[in-house]
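Report on the structure
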Amino acid sequence: MEPNPVIIAATAKQTASLIFLHGLGDTGHGWASTIAAIRGPHVKVICPTAATIPVTLNAGFRMPSWFDLRTLDATAPEDEEGIMRATELIHGLISDEIKAGIPSNNILLGGFSQGGALALHASLTYPQRLAGVMSLSCWLPRHAHFPEAVKAPSDLAIFQAHGDCDPVVPFKWGQMTASFLKTFMNNVEFTTYQGLTHSSSEAELKDMRAFIEKTLGAKK
């Protein structure tokens, strides 16, 4: 069972929602205040926490994880079932926002590392138009199933960001993911941060703020 998400309400009339997914071993609290600080007053922030499961990559140690990570090797078999289950969970969070009156094109997905990977997968396989997706320091899970698995419009706004000194998710994975996405999606922006490791930075947050304003509007 997933714990309850961290929710930071809009400070003005809510017209948009931003769902942001944490990285491996983190919780919704890890990013909530950071994301809240860069969104407009009309945007509600939802930061879910993944269920705690044994993670193969970390010798079976239990931690919050969206799906099992078996190895950080681009050609290794993935936890397809776990990725699909997590994707359904995120699609459910989107549906909840739509039921509450927020149109799908005013809902932005984002995430860091494993969360960024899931955000990318969930946004590409979501059939209605979303505002866009911010995927930081990540890769595209189940990449062998794409572009066939795409249900999103081909002009979905994708903001991908990666530090060129990332020791965890190699920078070249980010580059390869962006190049691959550009073969079937036509609104992909890939930004490199020099000297950045597996984390975020002021420069990245500034670019994220600009992307949020561009996709969700500054103030509505």
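So, a few notes on the structure that sits alongside this text. The model shown is predicted, which means the values in this text are computed figures rather than measured ones.

Things to note about the pattern of salt bridges
Side chains carrying opposite charge are able to pair once their charged atoms draw close together. Taken as a whole and judged by the stated rule, the model has 7 salt bridges. The shortest N-O distance in the salt bridge between Arg 70 and Asp 79 comes to 3.9 Å. Classification of Asp 79 as buried rests on a relative accessible area of 11%. The closest approach of N and O atoms between Arg 85 and Glu 81, which form a salt bridge, is 3.8 Å. Here Glu 81 and Arg 85 lie together in helix α2 (residues 80-99), a separation of 4 residues that amounts to about one turn. For the pair Arg 85 and Glu 81, one class covers both residues: exposed. Ionic contacts of the salt-bridge type, sharing partners, join the residues Asp 68, Arg 70 and Asp 79 into one network.

Focus: a nonpolar patch on the surface
Together, Leu 57, Leu 72 and Val 168 make up an exposed nonpolar region whose accessible area comes to about 200 Å². Mapped onto the fold, Val 168 is located in the loop between β8 (158-163) and α4 (171-181). Its relative accessible area of 39% is what places Val 168 among the partly exposed residues.

A closer look at the pairing of strand β6 (residues 107-112)
Consecutive residues of a regular strand have side chains that alternate between opposite faces of the sheet. Counting buried positions along β6 yields 6 of 6 residues, so the element is predominantly enclosed. The pairing of strand β2 (residues 16-21) with β6 spans 5 bridges and is classified as parallel. Among the inter-strand pairings, Leu 21 is bridged to a residue of β6, identified as Gly 111. Of the strand pairs in this sheet, β6 and strand β7 (residues 132-136) are connected by 5 bridges, and their pairing is parallel. Bridging across to β7, Gly 111 finds its partner in Ser 135. Note that the unit made of β6, helix α3 (residues 114-124) and β7 has a crossover that is right-handed.

Notes on the layout of surface pockets
Approximately 190 Å³ is the volume found for the second largest pocket. Lining the second largest pocket are 13 residues, with Glu 2, Ile 53, Ser 65, Trp 66 and Arg 85 sitting closest to its centre. Of all elements in the fold, only β4 (52-55) and α2 reach the threshold of two or more residues within the lining of the second largest pocket. Across the lining of the second largest pocket, the residue classes break down as 7 nonpolar, 2 polar and 4 charged.

Brief notes about the sheet that holds strand β1 (residues 6-8)
On the basis of which strands lie adjacent, the open sheet formed by 7 strands has the order β1-β3-β2-β6-β7-β8-β9 and mixed pairing. Looking at which strands have only one partner, the edges of the open sheet turn out to be β1 and β9 (188-193). Recorded for the sheet is a direction-independent mean angle of 15° between the axes of neighbouring strands. Examined bridge by bridge, β8 and β9 share 6 bridges and lie parallel to one another. Directly across from Gly 163, in β9, lies its bridge partner Tyr 193. The strands touched by α2 are β2, β3 (43-47) and β6; relative to β6, the strand with the most contacts, the crossing angle is about 150°. In this fold α4 packs onto β8 and β9, with an angle of close to 160° to the strand it touches most, β8.

So, the side chain of Asp 79
Structurally, the position occupied by Asp 79 is in the loop between β5 (61-64) and α2. Within the local environment of Asp 79, its side chain forms a polar contact with the backbone nitrogen of Gly 82, the two atoms lying 2.9 Å apart. Not counting the four nearest positions on each side in its chain, Asp 79 is found in contact with Phe 67, Asp 68 and Arg 70.

About the criteria used
Along every chain, residues carry numbers that run from 1 in the direction the sequence is written. Local features in this predicted model are restricted to residues of pLDDT 70 or higher, and side-chain atom pairs are both shown and tallied only at a pLDDT of 80 or more, whereas totals for entire chains, interfaces and linings draw on every residue. Calculation of side-chain values draws on the structure's entire complement of heavy atoms; hydrogens and water are dropped beforehand. Salt bridge, as used here: a side-chain nitrogen of Lys or Arg that lies within 4 Å of a carboxyl oxygen of Asp or Glu. Using a 1.4 Å probe on the protein chains alone, a residue whose accessible area is under 20% of its type maximum counts as buried, one over 50% counts as exposed, and one in between counts as partly exposed. Secondary structure follows DSSP: runs of H or I at least 4 residues long count as helices, runs of E at least 2 residues long count as strands, and numbering of each begins at the N terminus. A residue counts toward a patch only above 30% relative accessible area and without a salt bridge, and it is joined to like-charged neighbours within 9 Å or, for Val, Leu, Ile, Met, Phe, Trp and Tyr, to nonpolar neighbours within 5 Å. Surface accessibility follows the Shrake-Rupley procedure with a 1.4 Å probe radius. Residue values consider only the protein chains on display as shielding. Note on pairing: DSSP must find at least two bridges between two strands before they are called paired. With the strands pointing away from the viewer, any crossover whose connection runs clockwise from the first strand over the helix to the second is right-handed. Using a 1 Å grid laid over the protein atoms alone, points where a 1.4 Å probe fits but cannot get out form a cavity; open sets with protein on both sides within 12 Å along at least 5 of 7 lines form a pocket; any residue with an atom within 4 Å of a point counts as lining. Grid points are joined across faces, edges and corners, and a volume is the space filled by probe spheres set on the points. Classification used: nonpolar for Ala, Val, Leu, Ile, Met, Phe, Trp, Tyr, Cys and Pro, charged for Asp, Glu, Lys and Arg, polar for all others including Gly. Every angle, taken between N-to-C directions, lies between 0 and 180 degrees, and every axis is a line fitted to C-alpha atoms, over only the stretch in contact when it is a helix. Contacts between residues were defined by any pair of non-hydrogen atoms, one from each residue, lying within 4.5 Å. Counted as a polar contact is a pair of N or O atoms within 3.5 Å, where, for protein atoms, one must be capable of donating a hydrogen and the other of accepting one, and residues adjacent in sequence contribute only when both atoms are in side chains.

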